[in-house]
Structure formats: structure tokens, C-alpha cells
Amino acid sequence: MVLLPQGLHALKQVAKQVRVEIRGAYLNLDGGNAGLIPNIPENPRNRTHTKRGRKRLFNAAIHALRMRVERTFAWEDKFKRLLLRFERIQHRHYGMKLLTNGVSLLRTRQLYWYITN
């Protein structure tokens, strides 16, 4: 979080140099204590009436993409060999990542087939 302001400033400079418009772009971060607006759905907490005040900013498409990424990282974390980085050679580590992603994809396809049939 300490390096975030400098990183954002550098990102703006690079975007300006390559002529990429980043105005209105979303940035998903884990830390919400830097004055940033989180992109998470509001939990109604068994309310019968809506909460007073301005509605919280929420973009469902961006949130769905973020959840896919987080789910992929969670699948990788199930494999201890990747989590602790036993492989010292980059090509082997990348191969293990491909293997675990393939296994995870097979699991989801089998689950989908089991649910639909």
C-alpha cells in the first residue's frame, strides 16, 4: 500500500506516453483502506428496507471477472508444490502451473457434466 501512489503515478505516465486513455477504467485492489472505492456487492444483512444514502458503486461485470481470477488463484493454492515454489527452474514451474490449471479445468468440466446429466 505504501508504493501504490507511486505506482499509479507511473502507470498514468506510461499511459500518457503510449496514448492509452485510462479515464473511467476500473482498478480492482484488495486493500480498501487507502480511500479507494471497493467493487463488491452490498450485503443486505437481513434488512427489510433499503439502506439510506447514496448507493455504493458496483459493476457486476468487473466483479465477475475478478471472481474468476481469484478462483483460479485459489485452485492453484491447492497444490502445495506451486504454493511453496519447490521448482527453482522457471520452465519447470511454468509447466507445473499449466498442469494444475489443466487438472482444475478437467475438474470443472466433470462437475458441469455431472450437474447437467
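Residues numbered from 1 in each chain as written. Predicted model: local features only at pLDDT ≥ 70, side-chain atom pairs only at ≥ 80, totals over all residues. Heavy atoms only, no water.

### Some details on the overall build of the chain
Test applied: Per the convention used, a helix needs a DSSP run of H or I reaching at least four residues, while a strand needs a run of E reaching at least two, with both numbered from the N terminus. Here the term buried applies to any residue with accessible area under 20% of the maximum for its type, exposed to any over 50%, and partly exposed to those in between, with areas from a 1.4 Å probe on protein chains only. Pairs of residues are marked as contacts when any of their non-hydrogen atoms sit within 4.5 Å. Only the protein chains shown count as cover for residues, and all accessible areas are computed by the Shrake-Rupley method using a 1.4 Å probe.
For the chain, the count of helices and strands is 4 helices and 0 strands. When its helices and strands are written in sequence order, the chain yields α-α-α-α. Within the chain, the fraction of its 117 residues that count as buried is 9%. In the chain, of all internal contacts separated by at least 6 residues, the share reaching a separation of at least 24 is 40%. Surface accessibility of the chain: about 10,900 Å² in total, with carbon and sulfur atoms responsible for 59%.

### Quick notes on the confidence of the model for the chain
Under the convention used in this document: Residue-level confidence of the predictor, termed pLDDT, takes values from 0 up to 100.
Mean pLDDT for the chain: 77, with 82% of residues reaching 70 or above. Taken element by element, the chain is modelled with least confidence in helix H3 (residues 80-83), mean pLDDT 72, and with most confidence in helix H1 (residues 4-17), mean pLDDT 88.

### Some points on the layout of surface pockets
Applicable threshold: A 1.4 Å probe that fits into a set of points on a 1 Å grid over the protein atoms alone but cannot get out defines a cavity; an open set with protein on both sides within 12 Å along at least five of seven lines defines a pocket, and lining residues are those with an atom within 4 Å of a point. Grid points are joined across faces, edges and corners, and a volume is the space filled by probe spheres set on the points. Side-chain classes are defined by residue name, with Ala, Val, Leu, Ile, Met, Phe, Trp, Tyr, Cys and Pro counting as nonpolar, Asp, Glu, Lys and Arg as charged, and the others, Gly among them, as polar.
Approximately 230 Å³ is the volume found for the second largest pocket. Taken together, Glu42, Asn43, Pro44, Arg47, His49, Thr50, Lys51, Arg52, Gly53, Arg54, Lys55 and Arg56 make up the lining of the second largest pocket. Here the lining of the second largest pocket is composed, by residue class, of 1 nonpolar, 4 polar and 7 charged.

### Notes on helix H2 (residues 60-77)
Counted only if it meets this: Expected helix span is taken as 1.5 Å per residue step, with the number of steps being one fewer than the number of residues. Regarding the arc, it is the one traced by the directions from the helix axis to the C-beta atoms. The term polar contact refers here to a pair of N or O atoms within 3.5 Å; inside protein, the definition further demands a hydrogen-donor-capable atom paired with an acceptor-capable atom, and it admits residues adjacent in sequence only when both atoms are side-chain atoms.
Spanning 18 residues, H2 covers 25 Å between terminal C-alpha atoms, matching the ideal 26 Å at 1.5 Å per step. Residues of H2 that are buried include every one of His63, Arg66 and Glu76, and no others. Take H2 and look down its axis: the buried residues cluster within an arc of 140°, on one side only. Where H2 begins, the capping side chain belongs to Asn59, and its oxygen is found 3.1 Å from the backbone nitrogen of Ala61.

### Examining the environment of Ser104
Along the chain, Ser104 falls in helix H4 (residues 90-116). A residue is classified by how much of its surface remains accessible, and Ser104, at 3% relative accessible area, is buried. Spatially, the C-alpha atom of Ser104 lies 6.8 Å from that of Trp75, the residues being 29 residues apart in sequence. Ignoring sequence-local partners within four residues, the contact set of Ser104 consists of Trp75 and Phe79.

### What to know about the side chain of His63
Looking at the secondary structure, you find His63 in helix H2. With relative accessibility at 16%, the residue His63 sits in the buried group. Those residues in contact with His63 that lie beyond four places of it in its chain are Asn39, Ile40, Pro41 and Phe58.

### Topic: the pattern of salt bridges
Filter applied, for reference: Criterion for a salt bridge: a side-chain nitrogen of Lys or Arg within 4 Å of a carboxyl oxygen of Asp or Glu.
In total, this model carries 2 salt bridges according to the counting rule given. Between Arg23 and Glu21 there is a salt bridge, with its nearest N and O atoms 3.7 Å apart.

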